Amino acid sequence: MSCIISSPSSDSGKTTLALLISCWAFSKGLKIQTFKVGPDYLDQQQLSSIGHPICRNLDIFLSGEDWVKTTFDKNAKKYDLSLIEGAMGLFDGLGSTQISSTAHVAKLLKLPLIFIVNAKGTVASLLPLVNGFRDFDQSISIAGIIFNNVNSERHKYLIKEVFKDHSIEILGFLPSNKRISLLKGNLGLISPLEFNKKIDINYFAFYAEKNLNLKKIKSLLSSRPKPTFVSNPQPNININIERPIAIAQDKVFHFQYPETKDFLLDLGIPILQWSISKDEEIPEDVEAVIIPGGFPEKYAEEVSSSGKSLKSLKNFLKKGFIYAECGGMMILGDYILDENEKMHKMAGVLPFTS
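Residues numbered from 1 in each chain as written. Predicted model: local features only at pLDDT ≥ 70, side-chain atom pairs only at ≥ 80, totals over all residues. Heavy atoms only, no water.

Our next topic: the nonpolar core. Among the nonpolar cores identified, the biggest contains 36 residues, and Leu58, Phe72, Ile84, Phe147, Ile159 and Phe163 are the most heavily contacted of them. Of all the elements in the fold, those that place two or more residues in this core are β2 (32–37), α4 (65–76), α5 (102–109), β5 (113–118), α6 (126–136), β6 (142–148) and α7 (153–163). A total of 5 residues in this core trace back to one element, the largest contributor, which is α5. Filtering out sequence-adjacent residues up to four positions away, phenylalanine 163 remains in contact with Leu126, Leu127, Val130, Phe147, Ile168 and Ile170. (Core = buried A, V, L, I, M, F, W, Y, C linked by side-chain atoms within 4.5 Å. Buried < 20%, exposed > 50% of the residue type's maximum accessible area, 1.4 Å probe, protein only. Helix = DSSP H or I, 4+ residues; strand = E, 2+ residues; numbered from the N terminus. Contact = heavy atoms within 4.5 Å.)

See the structure below:
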């Protein structure tokens, strides 16, 4: 089996909990395959930073149900444990719907939840909150609950009193701790590619052992012994596989699922990495260029000063294909207005300002 970490809302501690469990597994020599309900690039990078295997995204919105089922089973079965980190609140999906939500993924994969709740400033009110989520959809089961921001023994005791006559297993209490806090930016967590601070694996593992029922959690995360879903055959794509594809990847452009590279490599296409922020020209003899999303508005001056990179982009359009999305698309315009209201010249491939 496996389990999904979910919560009533964002900022409840899902990523921190996923990292605590992953670091503990790593410290014990256990291989754990982590997944992240998408669309999400930043949490995926945090979980991948601990070590092999890298975190995989389960993104129904971008990839469809069949792909999510196949991806989960193909990767989960390879390792000792598997864990899925949900997104936002349990039922929050596309717009006002539950489409592509954590609940959607839980029902699709038939997996139970570990529910983490921010208990700061509340005790008795936690019961109707948890019961509401548990009873709202009977096809989803909560295997256990973890309370975050529980900073005293009395607070812990009172919560236990509230839940003692209810069939909900408490799997741990997490006190507030700056040493396990994660840096945040305007779109969520700050990517490990943008700063040099690494996860303190030993401390996270110690903190997990001190505050979580890891024996029970480990039993919930034991991976399936055999696959349940059958992979779809790879489509026959007519493309020149002898010439490489260049992918921009650096601290500016890094919003990309690992499956993009996996897919190209499975087709036999060589991949070259290049950096715009280091003012590198597009490598010679490439068939196409991929520029992922990122934060060019945050590094607009640095990107604008990368004249060789931007010029090579404009010249490349005459002989090859450019695929760009989000921040990658922004630098193909004429200018970017940065966070300080300053205008910076870009590649000028397309006639717009961001």
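This part covers the state of the cysteines. Evaluated as defined, the whole model comprises 0 disulfides. Sulfur of cysteine 326: no disulfide; nearest cysteine sulfur belongs to cysteine 55 and is 19 Å away. (Disulfide = S-S within 2.5 Å.)

This part is about α7. By the burial criterion, the buried members of α7 are His155, Ile159, Val162 and Phe163. The arc enclosing the buried residues of α7, seen along the axis, measures out at 85 degrees, which places them on a common side. Set apart from the buried face of α7 by more than 90 degrees, the exposed residues are Glu153 and Arg154. Contacts from the buried residues of α7 go to α6, β6 and β7 (170–174). (Arc of directions from axis to C-beta.)

Turning our eyes to something else, we now look at the sheet that holds strand β1 (residues 3–6). In space, the 7 strands of this open sheet follow the order β3-β2-β4-β1-β5-β6-β7, with parallel pairing throughout. The two strands at the open ends of the sheet, each matched to only one other strand, are β3 (56–58) and β7. Geometrically, the sheet is characterised by an average inter-axis angle of 25 degrees between neighbouring strands, direction not taken into account. When β1 meets β5, the two strands line up parallel, connected through 3 bridges. (Pairing = 2+ DSSP bridges. Axes fitted to C-alpha atoms, helices over the stretch in contact; angles between N-to-C directions.)

Right, let's get into the pattern of salt bridges. With the rule as written, the count across this model stands at 13 salt bridges. One salt bridge connects glutamate 209 with lysine 28, and the closest N-O pair in it is separated by 3.0 Å. In this pair, glutamate 209 sits in helix α8 (residues 201–211) while lysine 28 sits in the loop between α1 (14–27) and β2, placing the two residues 181 residues apart along the sequence. Take glutamate 209: its relative accessible area is 42%, and that puts it in the partly exposed class. The partner of lysine 156 in a salt bridge is glutamate 153, with the nearest N and O atoms 3.5 Å apart. Here glutamate 153 and lysine 156 lie together in helix α7, a separation of 3 residues that amounts to about one turn. A relative accessible area of 59% places glutamate 153 in the exposed class. Where salt bridges share partners, they join Arg56, Glu259 and Asp262 into one cluster. (Salt bridge = Lys/Arg side-chain N within 4 Å of Asp/Glu carboxyl O.)

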